[in-house]
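Commentary on secondary and tertiary structure
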Amino acid sequence: MERTNVNTDTEKRGKLLLIAALIAISLFVNKILQKNVQSDIWQIYVEAGIYFVISFVGLLWAFNFQVKSKSFLYIIQAALFVFSESIFIEFFFFQKFNRLYEALILLLLIALVFIGNYVAFLMANVLNVGLFKKIPLIHVGRTSSYVLSLLGMYFLTFSFLLSNFNIYIILPAIMICYALIIYVHYINIGLEGRELIWKSVLTTLISVFLFLGSFLTGTSHELIAFIPVLGYLFCVGVVSQESAYEEDKGRSWFYFILLIIIFFISLFVNILG
């Protein structure tokens, strides 16, 4: 029985490595074959959507379709990270560098993409296995979920801003993505019922409010995208260590004041820019 579990885990890791590698290599090949300096915006999102589907279906295949209803949230979280990573790479890196350096940068990015994808897929696998049995790696999966949700939120915010969409498109897209990222992560750390709902709503509103505050006063996409992530970072810290904050309220106030200071500094920098 133990031998079978080892073989199954090895098979899963092999499949996850394969999917992560295929996505990374396809990004590399697609960029090498690309004739224009940058693809059309619609093409970028279509290609990212294809990577989302490949990740979603690939993870189901890697899990041998042994999933529960909750598993789809983990799979969506990993696939959404791949989606956000894909559009971020296209919008940020290949607008900022010249062709002379692009080959070396591309190789480095592909390696990072592979690592990021593999970590996201491992996270989904650990959390999925945790639905069937208790495993010690569940805390590693939750930590990975936290890091990936921070990165995904930044990637999506930055990319939406650089897409130059109308505010009536950006704002709903931002709200939906934030709500999904926050909701899934709070499920991952064990929140349930009404507590899950109201803490997800509150964190989403704080993040969206911080986004709007920086968006309406500045033009630096890097700073604008960072501020809502900072708010999310603060909220998750309070939620995941709630008992510790109750015992040490001074620490909670310190982080709250720090959040406000950084927010106003970013507004000042944006206005000057």
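This section reports on the structure supplied with the text. Here the residue numbers are simple positions, counted from 1 along each chain's written sequence. Given that the model is predicted, a residue must reach a pLDDT of at least 70 before its local features are reported, and side-chain atom pairs must reach 80 or more before they are shown or counted; all residues, however, enter totals for whole chains, interfaces and linings. Excluding hydrogens and water, the side-chain values take into account all heavy atoms of the structure.

**A word on the overall build of the protein chain**
Note the threshold: Under the DSSP-based scheme used, a helix requires at least four consecutive residues in state H or I and a strand at least two consecutive residues in state E, with every element numbered from the N terminus. Every residue pair with non-hydrogen atoms within 4.5 Å of one another is taken to be in contact. Surface accessibility follows the Shrake-Rupley procedure with a 1.4 Å probe radius. Residue values consider only the protein chains on display as shielding.
When its secondary structure is counted, the protein chain shows 10 helices and 0 strands. N-terminal to C-terminal, the α/β element order of the protein chain is α-α-α-α-α-α-α-α-α-α. Look at the contacts in the protein chain between residues 6 or more apart in sequence, and 79% of them connect residues 24 or more apart. Approximately 14,500 Å² of the protein chain is accessible, and the part contributed by carbon and sulfur atoms is 71%.

**Notes on empty space enclosed by the protein**
The rolling of a water-molecule-sized probe over the atoms marks out the regions of remaining empty space. Here is the rule: The rule is simple: put a 1 Å grid over the protein atoms alone, call a set of points where a 1.4 Å probe fits but cannot get out a cavity, call an open set with protein on both sides within 12 Å along at least five of seven lines a pocket, and count a residue as lining if it has an atom within 4 Å of a point. Grid points are joined across faces, edges and corners, and a volume is the space filled by probe spheres set on the points. All residues other than Ala, Val, Leu, Ile, Met, Phe, Trp, Tyr, Cys, Pro, Asp, Glu, Lys and Arg, Gly among them, are scored as polar; the first ten of these are nonpolar and the last four charged.
As enumerated under the stated definition, the model contains 2 cavities of 30 Å³ or more in all. Roughly 80 Å³ of internal volume is contained in the second largest cavity. If you go around the second largest cavity, the residues you meet are Gln-77, Leu-80, Phe-81, Ser-84, Leu-148, Ser-149, Gly-152, Leu-156, Leu-180, Ile-181 and Val-184. Mapped onto the lining of the second largest cavity, the elements with two or more residues apiece are α3 (71-96), α5 (138-162) and α6 (167-188). Tallied by class, the residues present in the lining of the second largest cavity amount to 7 nonpolar, 4 polar and no charged.

**Quick look at a nonpolar patch on the surface**
Operational definition: Patch building starts from residues that exceed 30% relative accessible area and form no salt bridge, then joins like charges within 9 Å and nonpolar side chains (Val, Leu, Ile, Met, Phe, Trp, Tyr) within 5 Å. We count a salt bridge whenever a side-chain nitrogen from Lys or Arg sits within 4 Å of a carboxyl oxygen from Asp or Glu. A simple rule labels every residue: compare its accessible area, found with a 1.4 Å probe on the protein chains alone, to the largest value its type can have, and call it buried under 20%, exposed over 50%, or partly exposed in between.
The grouping of Leu-18, Leu-22, Trp-61 and Phe-65 at the surface amounts to a nonpolar patch, some 430 Å² of accessible area in total. Mapped onto the elements of the fold, Leu-22 is located in helix α1 (residues 2-33). The class for Leu-22 is exposed, based on a relative accessible area of 51%.

**Thoughts on helix α7 (residues 193-215)**
What counts here: The span you would expect from a helix comes to 1.5 Å times its residue count less one.
For α7, built from 23 residues, the straight-helix expectation of 33 Å at 1.5 Å per residue is met to within 8% by its first-to-last C-alpha distance of 33 Å. Buried within α7 we find Leu-196, Lys-199, Ser-200, Thr-203, Thr-204, Ser-207, Val-208, Leu-210, Phe-211, Gly-213 and Ser-214.

Note that all results are geometric; they support no functional claim without further evidence.
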